[in-house]
Each structure stands twice: as structure tokens, then as C-alpha cells.
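Here is what each chain is made of, one letter per residue.
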Amino acid sequence: MRDTDLIDELNTMRLGVRNVFETRDGEFGSRELARLDVFEDLNFNRRVTPLAHRYWSNPADEFLQSRSDLFVNAQVSPARWLNVGTITRFSFEHSCVPEINNYITLLETDIFSITVGSAYLKDYFEQYYAQAEYKISERYRVRGSWHYDADLSDFVYQRYAFQTRIGNTWLTEFYISHRVGSTREDNTSFGVTVRILGL
């Protein structure tokens, strides 16, 4: 419930277009070949764009916008085992690209996958990451995630997880994570998550 009293009034309508292109697949019937999603919020009450002060040095009242930045999610899958995509935020009002997230995923059906990517937030951080997942059996999986900060020249986040399936109902994950420079929680943490798959 942190900062509950600081929540601003929000009256927004989100407009978006989802475009999915599929192709025939001899083994699976069909698969997604490309995707292009575009979203933008219309603010009935002008509001401040998150982290606006980092993008431009205008007077405070000019931070107020009636429209949000434009969010674009684009992905292509030229082969069954390859996904290449980007999630990007454009600010046409201030002629800048404040956020870019790119990724490449290699996968072998549902047995193994590895993703490498980058996360950039203008004047705030530039990070590179890798995520891997391996299916040991129908019941067990292992996952790993590593984030490297270019400005700090250090791994700022690591997470290792072991997942087990109990029957057809429960999915349990045990994990250990380590974060550098955390101000709200311990740098190293252990945890368990439980999810109900169905009843």
C-alpha cells in the first residue's frame, strides 16, 4: 500500500490496434509469422508523462499531456525456432524515443528457450539481459535470468528458479534472486510461488 495517498486522478481511454500475421506450418498447422501492436492513451484530464523530467527540461506545466506516448510492440518469426522483437515508446510531442526494449528468442518447441535482449530508458539506464528455460520432464523445469547494467558495469539482477507441477492443478516455483543496490528490499531473497492451473 506504499504511496496510496499519492495516486493521481486518472480518466483515460486506451486506443490500440493489434495485427497478427500467421502462416501455414506443416507440423503445427499454423504459427505466428509477425505481430504489430500499437497503443496510445487519451487523457481526459491532462496528466504528467512518467519520468517526463528526464526527457526534456521544460516548465512544469508543459509536462501535462492530453495524450500518452505511443507504444509499439513489433515481432517477427522468420523461423519456428526464432523470434525477434521490440517494445518501443515514442514521444511525438517532444520528438524523442524515451524507451526501447529489444529481444531475440531461440527456442526448441517447449523443451528449451533462451532470450537475449536490451532495455533502454533515456537518461536513466541501459541494461542487457539473458533468460533461459529448460524442461527437464513433464513435471520439472529450471529457469535463469541475468541483467547487466552498462553504466554500472555489473550484474544488477540474477534469478534462479526450479518449477514443479503437482498433478494437474498446482504449479509451484522455488527461487533465489540477487539484486544490486536495492533500497526497498534485501539484496538476496528466497521465495516460493504457487499457482492454480485449474479446478
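One can find the structure itself at the top, above this paragraph.
These numbers come from a predicted model, not from an experiment. (Residues numbered from 1 in each chain as written. Predicted model: local features only at pLDDT ≥ 70, side-chain atom pairs only at ≥ 80, totals over all residues. Heavy atoms only, no water.)

**Describing the layout of surface pockets**
Part 1: Put simply, the largest pocket is a space of about 310 Å³.
Part 2: For the largest pocket, the lining is made up of twelve residues, of which Phe 125, Gln 127, Val 156, Arg 179 and Val 180 are closest to its centre.
Part 3: Each residue belonging to the lining of the largest pocket can be placed in one class, and the counts come to five nonpolar, four polar and three charged. (1 Å grid on protein atoms, 1.4 Å probe; cavity = no way out; pocket = protein on both sides within 12 Å on 5 of 7 lines; lining within 4 Å. Points joined across faces, edges and corners; volume = space filled by probe spheres on them. Nonpolar A, V, L, I, M, F, W, Y, C, P; charged D, E, K, R; others polar.)

**Concerning unusual backbone geometry**
Part 1: Positive phi values are uncommon outside glycine, yet Ser 153 reaches one of about 50°.
Part 2: One can find Ser 153 in the loop between strand E9 (140-149) and strand E10 (154-166). (Helix = DSSP H or I, 4+ residues; strand = E, 2+ residues; numbered from the N terminus.)

**With respect to the environment of Asp 37**
Part 1: Inspection of the secondary structure assignment puts Asp 37 in strand E2 (residues 29-48).
Part 2: Overall, the relative accessible area of 2% leaves Asp 37 in the buried class.
Part 3: A C-alpha to C-alpha distance of 5.7 Å links Asp 37 and Val 72, two positions 35 residues apart in sequence.
Part 4: Leave out the neighbours within four places in its chain, and Asp 37 touches Val 17, Arg 18, Asn 19, Phe 71, Val 72 and Asn 73.
Part 5: In terms of polar contacts, Asp 37 uses its side chain to reach the side chain of Arg 35, at 3.3 Å. (Buried < 20%, exposed > 50% of the residue type's maximum accessible area, 1.4 Å probe, protein only. Contact = heavy atoms within 4.5 Å. Polar contact = N/O pair within 3.5 Å; in protein donor to acceptor, adjacent residues only side chain to side chain.)

**Quick look at the pattern of salt bridges**
Part 1: A complete count under the given rule lists twelve salt bridges for this structure.
Part 2: In this structure, the salt-bridge partner of Arg 18 is Asp 37, at a minimum N-O distance of 3.7 Å. Taken together, the positions of Arg 18 in strand E1 (residues 12-25) and Asp 37 in strand E2 put the pair 19 residues apart, joining distant regions of the chain.
Part 3: Its relative accessible area of 60% is what places Arg 18 among the exposed residues.
Part 4: With a shortest N-O distance of 3.0 Å, Lys 135 and Asp 110 are connected by a salt bridge. Separated by 25 residues along the polypeptide, Lys 135 in strand E8 (residues 125-135) and Asp 110 in the loop between strand E6 (96-108) and strand E7 (112-121) bring together distant segments of the chain. (Salt bridge = Lys/Arg side-chain N within 4 Å of Asp/Glu carboxyl O.)

**Here's the deal with the packing of aromatic side chains**
Part 1: In the structure shown here, the tally under the stated rule is four aromatic pairs.
Part 2: Taking 5.6 Å as the distance between ring centres and 20° as the angle between the ring planes, the aromatic pair formed by Tyr 140 and Phe 162 counts as stacked. You can see Tyr 140 sitting in strand E9 and its partner Phe 162 sitting in strand E10, a full 22 residues away along the chain.
Part 3: The exposure class assigned to Tyr 140 is partly exposed, which follows from its relative accessible area of 28%.
Part 4: A centroid spacing of 5.2 Å and a plane angle of 70° characterise the contact between Tyr 148 and Phe 155, whose relative ring orientation is edge-to-face.
Part 5: Judged by relative accessible area, Tyr 148 falls into the partly exposed class, the value being 30%.
Part 6: Exposure remark for Phe 155: the relative accessible area of 40% places this residue in the partly exposed category.
Part 7: Positioned above the aromatic ring of Tyr 175, the side-chain terminus of Arg 159 is 4.2 Å from the ring centre. (Phe/Tyr/Trp six-rings, centres within 6.5 Å; stacked < 30°, edge-to-face > 60°. Lys NZ or Arg CZ within 6 Å of the ring centre and 35° of its normal.)

**Some words on the environment of Leu 70**
Part 1: Along the chain, Leu 70 falls in strand E4 (residues 70-79).
Part 2: Look at Leu 70 and you get buried, because its relative accessible area is 18%.
Part 3: As for Leu 70 and Phe 92, which are separated by 22 residues in sequence, their C-alpha atoms are 7.9 Å apart.

**Describing the environment of Ala 130**
Part 1: With respect to the element layout, Ala 130 can be found in strand E8.
Part 2: In sequence terms Ala 130 and Thr 115 are 15 residues apart; their C-alpha atoms lie 5.5 Å from each other.
Part 3: With residues up to four places along the chain from it excluded, the contact list for Ala 130 reads Thr 115, Val 116, Gly 144, Ser 145 and Trp 146.

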